[in-house]
Amino acid sequence: MNRISIRERIELPKRGFKIINHYCPGMVRTGVLAEAVSAMQPFVSVWISAQIINELSGLRRVETVVLYVVGIVLFNFACYVLKTALKEIFRKKESEMWRWFEKMFADKQMSMDFPDIENAEIQHQHKKLFEHFFMFGYGLPQLVVSTPLLVRVFVNITTSVAMTVSLFVSKTGNALMDNPIWIAILLFFIVLSGYGNYKAVNKTDLLFEKTTRNMAYSNRTFDFFTLRLSQKPEKAMDVRIYDQSGIAEKTIKKFSVFMGGKEEDKYDFLRTLYPALSSLLVGVSNVACYLFVVVKAFLGAFGIGNIVQYVSVLSKFGDGIRELWAMLSDNTLYCRHLKRTFEYLDIPNKMYQGSLTVEKRDDNEYYVEFKNVSFKYPNTDIYALRHVNVKFKVGEKLAVVGMNGSGKTTFIKLLCRLYDPTEGEILLNGVNIKKYDYQEYMSIFSVVFQDFQLFSFILGQNVAASAEYDREKVVACLEKAGFGERLEVMPKGVETSLYKNFDSDGVEISGGEAQKIALARALYKDAPFIILDEPTAALDPVSEYEVYSKFDEIAGDRTAVYISHRLASCRFCDKIAVFHQGEIIQTGSHEELLTDSGGKYYELWNAQAQYYTV
Ligand code: ADP
C-alpha cells in the first residue's frame, strides 16, 4: 500500500477544498460552522450548570441562579436554531454536490484525448474511481464530511483543556494528590485509549475498503446483467432471443460466493472485535479520570458543582483525543483516494493544445489536404490507413467509398482530430490542423456519424443542439433533410418531445427518421464542411434516393464528404475516393472510374448493380 507523506496530507486536501469550493461554494464552511456551534454548546451548558450547582451549594443567591437558568435556556435555544439552519443549508448543498461531482467526471471524460476514451486502462481507472466515489463516498465526499468533524475535535480538545486547567491547579493539601504526575498518568490513559481507537478505526476502514474493492467489481457485473441487459429495450430483446439468462445466473452466483464467503465473515468478525477492544480501553481511561476528580473533590479541592464540570469535560477531552486519532486514520484513507482522483483528473491532454484561430473567411475558401497520412490505432500493429493523399476544397463533394473495414471512418476520425496521424500530416489552408485551437477547428465541421445520438429533448432542441433555437431555421433544415412530411403530423410540431423518457406524450421515431433529424442537425450548424458517414444506411431506398438526389440542394455551397459503401448514393459527388485496405487506390468522378474496367470501383459497382437498378 502506498504511503502518504506529511506534505501530501496537506497538499491533497488543499487541492480537494479548491475543487469542492469551485463546484459547491461555501459548503465546507457551512459544515464547519455548524459543527463548531454544536461542539461549543455542551461546554457552555456544562460550565453554566456547574455555576448553578456551586451557587446552590454555596451562596444561594436567587437572582444569580435565575440569571444562569435564563442564560442556559436562551443560549441552548440560540445554538439550536443556528445549528439547525446551518445543517439545513449544508444538507441542501450536499445533495447538490453529487450532481456537480458527476459533472466533474463528465467534464474530464469529454475533454480528454479521444484515444484515451478508448483506452481500456484509463477507462478502468475511471470506472473504479467513479464507483468508489459515488457508492462509498471515498475521496472528495469524505473530505466534505471529515473537515467539519476535525473542527469539532479541535473545539473539544482546546475547550476541555481550558476547562480542566483549574482541576490540576486546585490544591487538596495532600502531596500525593497534588503531584503533577497525575496529569501525565491521566493523559497516558486517554492517549492510549485514543491509540486503541485509531487502530480499530484504521483496521475496520481498511477491511471495509477491501470489501468494497471486491464489491465494486461484482457490482459492475450485476449492473451489466441486471440493468444494462434487462432494462435497455434493444439489449433486452437480444437476451430473450439468444436466451442469456443462464449466463447471467451463473455469473451472479459466482460473485455472490465471492461477496458473502468465508473471507467476508472473517472481516465481519474483525470489524466487531477491534472496536470492542478499543471500547475496553476507553472504559479504563474514564474510570481513572472519574476516580481522580472524585478523590480531589472529597479532599476539598473544589465544590460539588465542579465535579460535574470536570467529569464531563474530561470525558469530552477523551472523546476529542480518540476522534483525533480516528481522523488520522480517516485522513490516510481519503488522502489515498484523493491521490487517485487527482491522478485521473491530471491525465494530460496532449492532443488538443493548438492555439491558432481558424480564419473566418467570407469567401469560404477553405481547403483540406491529407499529405501522405498513415495511421495505426493505439496498441495495434496494423495500419488502418496507409499513405493517404487527397485534397478537397470548399464547394466540392467528395465521396469516400470502399468495403467495410477499408478505412473510411478512420479517415473521418483523423479529419475530425479524434486521432492524430501516425505519419504524415493533415492541412487546413496549408497549416497542420494540430496547430489550430480544437474548438475553433471543429466549428467548421458538421458531422453525422453512423452511430449518432439524439436526445430525449424536444425536436427543435435536438436539431439546434441547444436549449434555444430558431424555429424557422429548424423547420427549413428538417424539410431539407426530408423530414417535412413527418413534421406535419408531429403533434406539437418542432416542440414535440422525442422518445418517452421524460415526456409521456413524446414520439418514438424510426431509425430512418432519426437519421433525417441528425442530418437536419448537421445542416443547422451551418459549418462550411459537412461530413456524412453512411448517412443513408438506415433509410429505405426511397428516402435514400430522396437524400442523394437532392444532395446538391441539401449541402448547398458547403464542402461535403460523403461516406458510403453503397456506390449508387455517391454518383452525384464531384470526386470519389476508393478506399481499399487503408489505401486510396482510385480517385475520379463516377464516369471516369467506371471506364477503368480492371479497377476496384468497377468491380464494386457491378457487384452492387444487381441489387440496385440505377
Ligand atoms: P470502414 O469505415 O471503412 O468500415 P474503419 O475505418 O472503421 O473502416 O476501419 C478500418 C480498420 O481499422 C479496420 O480494420 C478496423 O478493424 C480497424 N479499426 C477501426 N476502429 C478501430 C479501433 N478503435 N481500434 C483498433 N482498430 C480499429
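Residues numbered from 1 in each chain as written. Predicted model: local features only at pLDDT ≥ 70, side-chain atom pairs only at ≥ 80, totals over all residues. Heavy atoms only, no water.

A. Main features of the pattern of salt bridges. Applying the stated rule across the entire model yields 14 salt bridges. When the shortest N-O distance is used, the salt bridge between Glu-35 and Arg-152 registers 3.8 Å. Of the two residues, Glu-35 is situated in helix α2 (residues 27–56) and Arg-152 in helix α6 (residues 140–169); the sequence distance between them amounts to 117 residues. The closest approach of N and O atoms between Lys-600 and Glu-603, which form a salt bridge, is 3.5 Å. With Lys-600 and Glu-603 both in helix α21 (residues 600–609) and 3 residues apart, this pair spans about one turn of that helix. Given the relative accessible area of 46%, Glu-603 is considered partly exposed. Several salt bridges converge on common partners, so that one network encompasses Glu-35, Arg-152 and Glu-323. (Salt bridge = Lys/Arg side-chain N within 4 Å of Asp/Glu carboxyl O. Helix = DSSP H or I, 4+ residues; strand = E, 2+ residues; numbered from the N terminus. Buried < 20%, exposed > 50% of the residue type's maximum accessible area, 1.4 Å probe, protein only.)

B. Spotlight on the site of the ligand. Surrounding the ligand, one finds Glu-118, Tyr-377, Thr-380, Ala-384, Met-403, Asn-404, Gly-405, Ser-406, Gly-407, Lys-408, Thr-409 and Thr-410. Gly-405 is positioned such that a nitrogen or oxygen atom in its backbone is 2.7 Å from an oxygen atom of the ligand. Take Thr-409: an N or O atom from its side chain is 2.6 Å from an oxygen atom of the ligand. Calculation on the ligand without its partners gives an accessible area of 560 Å², and the protein chains cover 61% of this total. Among the elements that take part in the shell around the ligand, helix α12 (residues 408–415) stands out by supplying 3 residues, more than any other. For the shell around the ligand, the class distribution of residues is 3 nonpolar, 7 polar and 2 charged. (Near = heavy atom within 4 Å. Polar contact = N/O pair within 3.5 Å; in protein donor to acceptor, adjacent residues only side chain to side chain. Areas by Shrake-Rupley, 256 points an atom, 1.4 Å probe, with all protein chains shown as cover. Nonpolar A, V, L, I, M, F, W, Y, C, P; charged D, E, K, R; others polar.)

C. Molecular detail of helix α1 (residues 6–23). Compared with the 26 Å implied by 1.5 Å per residue over 18 residues, the 27 Å span of α1 between its first and last C-alpha is a close match. Taken together, the buried positions of α1 are Leu-12, Pro-13, Gly-16, Ile-19, Ile-20 and Tyr-23. Buried residues of α1, seen end-on, are gathered within an arc of 120 degrees and therefore sit on one face of the element. Residues of α1 that are exposed and angled more than 90 degrees away from the buried face: Ile-6, Arg-7, Ile-10, Lys-14, Lys-18 and His-22. (Expected span 1.5 Å × (residues − 1). Arc of directions from axis to C-beta.)

D. Layout of the layout of surface pockets. If you add up the space inside the largest pocket, you get close to 980 Å³. Lining of the largest pocket is provided by 26 residues; of these, Leu-418, Tyr-438, Met-442, Phe-449 and Lys-525 occupy positions nearest its centre. Breaking the lining of the largest pocket down by element, the ones donating at least two residues are α3 (62–111), α4 (114–117), α13 (438–442), β6 (445–448), α14 (459–464) and α17 (511–524). Class assignment of the residues belonging to the lining of the largest pocket gives a composition of 19 nonpolar, 5 polar and 2 charged. (1 Å grid on protein atoms, 1.4 Å probe; cavity = no way out; pocket = protein on both sides within 12 Å on 5 of 7 lines; lining within 4 Å. Points joined across faces, edges and corners; volume = space filled by probe spheres on them.)

E. Representation of the sheet that holds β6 in the model. The strand order across the open sheet built from 6 strands is β6-β7-β8-β3-β9-β10, with neighbouring strands paired in mixed fashion. The sheet terminates laterally at β6 and β10 (583–588), the two strands that pair on one side only. Ignoring strand direction, the axes of neighbouring strands in this sheet form an average angle of 15 degrees. α12 contacts β3 (397–402), β6, β7 (529–533), β8 (559–564) and β9 (575–580) of the sheet and is inclined by roughly 150 degrees relative to β8. Sheet strands in contact with α17 are β6 and β7, and its direction is about 175 degrees off that of β6. (Pairing = 2+ DSSP bridges. Axes fitted to C-alpha atoms, helices over the stretch in contact; angles between N-to-C directions. Contact = heavy atoms within 4.5 Å.)

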